[in-house]
Every structure is written in structure tokens, then in C-alpha cells.
Amino acid sequence: MRTVHVNASTAYDVLIGEGLIDRSGELTAKVINPCKCMLVTDDTVEELYGDRVQISFSYAGFEVVRFAFPAGEASKNLDTLTELLNAMGEAKLSRSDLVVALGGGVVGDLAGFAAAIYCRGIRFVQLPTTLLAAVDSSVGGKTAVDMPFGKNMVGAFHQPSLVVTDTDVLRDLPPEQLSNGAAEAIKCGVLNDPALFALLEGGGWRDAIDEVVERCVAYKRDVVAGDEFDTGNRAFLNLGHTFGHAIEVCSGLGMLHGQAVGIGLWMAAATANCPDALILRLAGALRANGLPTRCAYPAAKLAEAALSDKKRSGGTVTLVLPEAIGRCVLKKVPVAELPARFERALATQEALGL
Ligand code: GLY
């Protein structure tokens, strides 16, 4: 088992290894005295792992109450949050009790936000079951629900007390879900870790998934330790996201987050005047991981969609621009520059045949 220790306002461990889902209760009991816990999941994950996690927590002495909601981003809203808070109230959870988030990013964000506001904040544990959640959203304490005016627009910073990632669960994911998470892992390689990028760029790293998750979490740990509340260098984690967010919006959210962010990675490089060889290397890494490279939307539509991104601040947006694999810079640009940047990226797409 690998351990990454996160030193945020709440210090906690991220445990990564095979077979941990059946030990999740025992591992949690090492940091939280057995109490009542609300096991929150979606209906897909509940069927696969709900009973195993419940048994593990019950065996470790926790009193388990369950709440499951329909899988998918459409559930990440105030209605589901209210239902969950009511269920927590009906179960008489107290301030010393626990929320356990079993699932991907939607479950983690929603359950984490409920934990952040119930009784002004109770503890929660993340059991990520997607690669995307394991390498990104389960670590760092961002919790939220979506609103009609934007994704993740209402939320709170609330660090988990423990993250337990079972890499057998990740290895069993459908290929599309592994690809979705791979985009965020490739992002970490481009930001800071050339060895990670080299491991990922050929594809075929499934047997090294423990190392991939550990390297991504270790990088995120360093970023979060320096800027927990996202007022400075945490913006680096948005590499590919301004462009990717625009693509996601244009796709009517029909595209997976990782697919859009992947395209956003080479687009960021294209607008940073990176050499063609670097852009082609990024695109090759995406293809090797089953991710698309082509952006099918016109620049004006993309630029308009990019404006709905909450990362925008007044008239400027902070872009993360690659300089080399493992090195990026932050650059504040006027939003008026976005159409030209999208034009440039789309011209590069045609020139390089992406
Ligand atoms: N997913 C980006 C962040 O945690 O800041």
C-alpha cells in the first residue's frame, strides 16, 4: 500500500493499493473512532461495491446508513443535496459522525459538500471509484453542486479525513472511464512530472496504475499545501481546463470531462507558441490513451463558452501555458484575447492534421 500525506488545514492520508475497498472500514477506524456513518453513493456504484463497503465499515464497528442517488452529473444539484441532508437528519447524524463518499467525482463533490455544511461541518472519507476522482477530485477538499448558471458554482472547501483508493477497482473500469481519468494524469505529467508523462504517453500503463495515482496525488498534495484555497498557484491544476471547459460546454456536456481537457492540453500548448513537436507529442499521448484530439467547434462559439467559466476574474482569465513537458507558466490574459487564441489553436489543428 502506498501512502501520500496531505498537509492542508486538515492533515490526512491518501492510501493507494490493491484490495483496499474491503479494508476501507478497518483503515477508517484507524483515524476515526467508530461512529454512525452515512454511506453516500450512486445507484451504479452501489450495486457494484455498496454491500462490500457496508460490510467493511460494519465489521470495523461503524453503524452504517445508506443513501444512493441516480448516477450522473444531472444529480449533482441542490435537490439531491437537500434529500441527502434530510436523510442525514433523519438518521440523526451528529457533529461527531461521518460521511463516506463511495464513487466518482459527482459522489465525492456532493457528499463532501453535504459534510461541509451539515451541522456546520462533519468529517468525511473519500473512497474514489473512478480514475478521475482518484487522481484529482478526491484530494484537495473542493466540494460543490452544479447550478443552472454553471458547474460547481455553489460549494465549499472541506478536506476529507482520509482517502482510500482501491486500484483493483480502478483497473476494472470500462476503457472509456480509464481514458477519462488518464487525461488528468497526463495533465500532471505536463505540469510537473516528465517521468509520469513518459509512463503514460505509450498507453499500456494499467499495471502501473498504483504508481500513476501516487505520482498525481503527490503533485496535487504539493500544490494544495501551498494554496489550499485556490488564490494562487492552485490555478496550475487548471491546465487544459479553460479550453476544455469551452469544448465541454459546446458539446452540450455530451463529451466527458477528460476528453475535453485532453484536447485543451494541446490547445494550450498551441496558443503558447510551443514547437510543433511538443504539440504532436501531446496529441500522441492522448491517442495512445483512447482520447480524442480533434476540436469540432468554431472559435467564436468556443470563446463565448469559455466566458461562462468561473475561473474568469473580471475582464481577465488566467491561462496555464506549457513551456515543455514538466514545465508550465501562468499567464493572465484579457478575455478579449480568447477568440484569437482559439483561432490559433484551430489553425494549428488543421496544419498538424490533428
Ligand atoms: N481540480 C482542480 C483543483 O482541485 O483545484
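Residues numbered from 1 in each chain as written. Predicted model: local features only at pLDDT ≥ 70, side-chain atom pairs only at ≥ 80, totals over all residues. Heavy atoms only, no water.

### Section: the nonpolar core
Formed by 76 residues in total, the largest nonpolar core has its most connected members in Trp 266, Met 267 and Phe 342. What Phe 342 contacts, discounting residues up to four positions off in sequence, is Phe 243, Ala 246, Met 267, Ala 299, Leu 302, Ala 303 and Ala 306. Core analysis: the next-biggest nonpolar cluster, separate from the first, contains 25 residues, Ala 87, Val 107, Phe 124 and Val 145 among them. (Core = buried A, V, L, I, M, F, W, Y, C linked by side-chain atoms within 4.5 Å. Buried < 20%, exposed > 50% of the residue type's maximum accessible area, 1.4 Å probe, protein only. Contact = heavy atoms within 4.5 Å.)

### A short note on the site of the ligand
By nearness alone, every residue bordering the ligand is listed as Asp 136, Lys 142, Lys 220, Arg 234 and Leu 237. Interatomic distance of 2.8 Å between a side-chain N/O atom of Lys 142 and an oxygen atom of the ligand. At 2.7 Å from an oxygen atom of the ligand is found a side-chain nitrogen or oxygen belonging to Lys 220. Considered on its own, the ligand offers 200 Å² of accessible surface; in the complex 87% of this is hidden by protein. Among the residues making up the shell around the ligand, the classes are represented as one nonpolar, no polar and four charged. (Near = heavy atom within 4 Å. Polar contact = N/O pair within 3.5 Å; in protein donor to acceptor, adjacent residues only side chain to side chain. Areas by Shrake-Rupley, 256 points an atom, 1.4 Å probe, with all protein chains shown as cover. Nonpolar A, V, L, I, M, F, W, Y, C, P; charged D, E, K, R; others polar.)

### Thoughts on the pairing of strand 4 (residues 63-69)
With seven bridges connecting them, strand 3 (residues 36-42) and strand 4 associate as parallel partners. Paired with Cys 37 across the strands is Val 64, a residue of strand 4. (Pairing = 2+ DSSP bridges. Helix = DSSP H or I, 4+ residues; strand = E, 2+ residues; numbered from the N terminus.)

### Considerations on the sheet that holds strand 2 (residues 11-17)
Across a sheet, paired strands are connected by hydrogen bonds in the backbone, their directions being either parallel or antiparallel. Pairing in this open sheet of seven strands is mixed, and the strands run 1-2-9-6-5-3-4 from one edge to the other. At either margin of the open sheet sits one strand with a lone partner, and together these are strand 1 (2-7) and strand 4. For this sheet, the mean inter-axis angle between neighbouring strands, taken without regard to orientation, is 15°. One ladder, built from five bridges, connects strand 2 with strand 9 (residues 162-166); its direction is parallel. Paired with Asp 13 across the two strands is Leu 162, which belongs to strand 9. In the packing of helix 3 (residues 78-90) onto the sheet, the strands contacted are strand 3, strand 4 and strand 5 (98-103), and the crossing angle to strand 4 comes to about 160°. (Axes fitted to C-alpha atoms, helices over the stretch in contact; angles between N-to-C directions.)

### Focus on the side chain of Asp 109
Tracing the backbone through its elements, the reader meets Asp 109 in helix 4 (residues 105-117). Taking the relative accessible area as the measure of exposure, Asp 109 reaches 11% and is therefore buried.

### Structural notes on the packing of helix 7 (residues 175-192) against helix 9 (residues 209-226)
Two elements in contact, helix 7 and helix 9, have axes whose closest approach is 10 Å; the angle formed by their N-to-C orientations is 55°. As the angle between them shows, helix 7 and helix 9 are arranged oblique. The handedness of the crossing between helix 7 and helix 9 is left-handed. Judged by residue contacts, Leu 178, Ala 185, Cys 188, Leu 191 and Asn 192 of helix 7 engage Ile 209, Val 212, Cys 216 and Tyr 219 from helix 9. Of the residues assigned to the contact of helix 7 with helix 9, the class counts are eight nonpolar, one polar and no charged. (Parallel < 35°, antiparallel > 145°, perpendicular 65-115°, else oblique. Left-handed = near helix turned anticlockwise from the far one by under 90°.)

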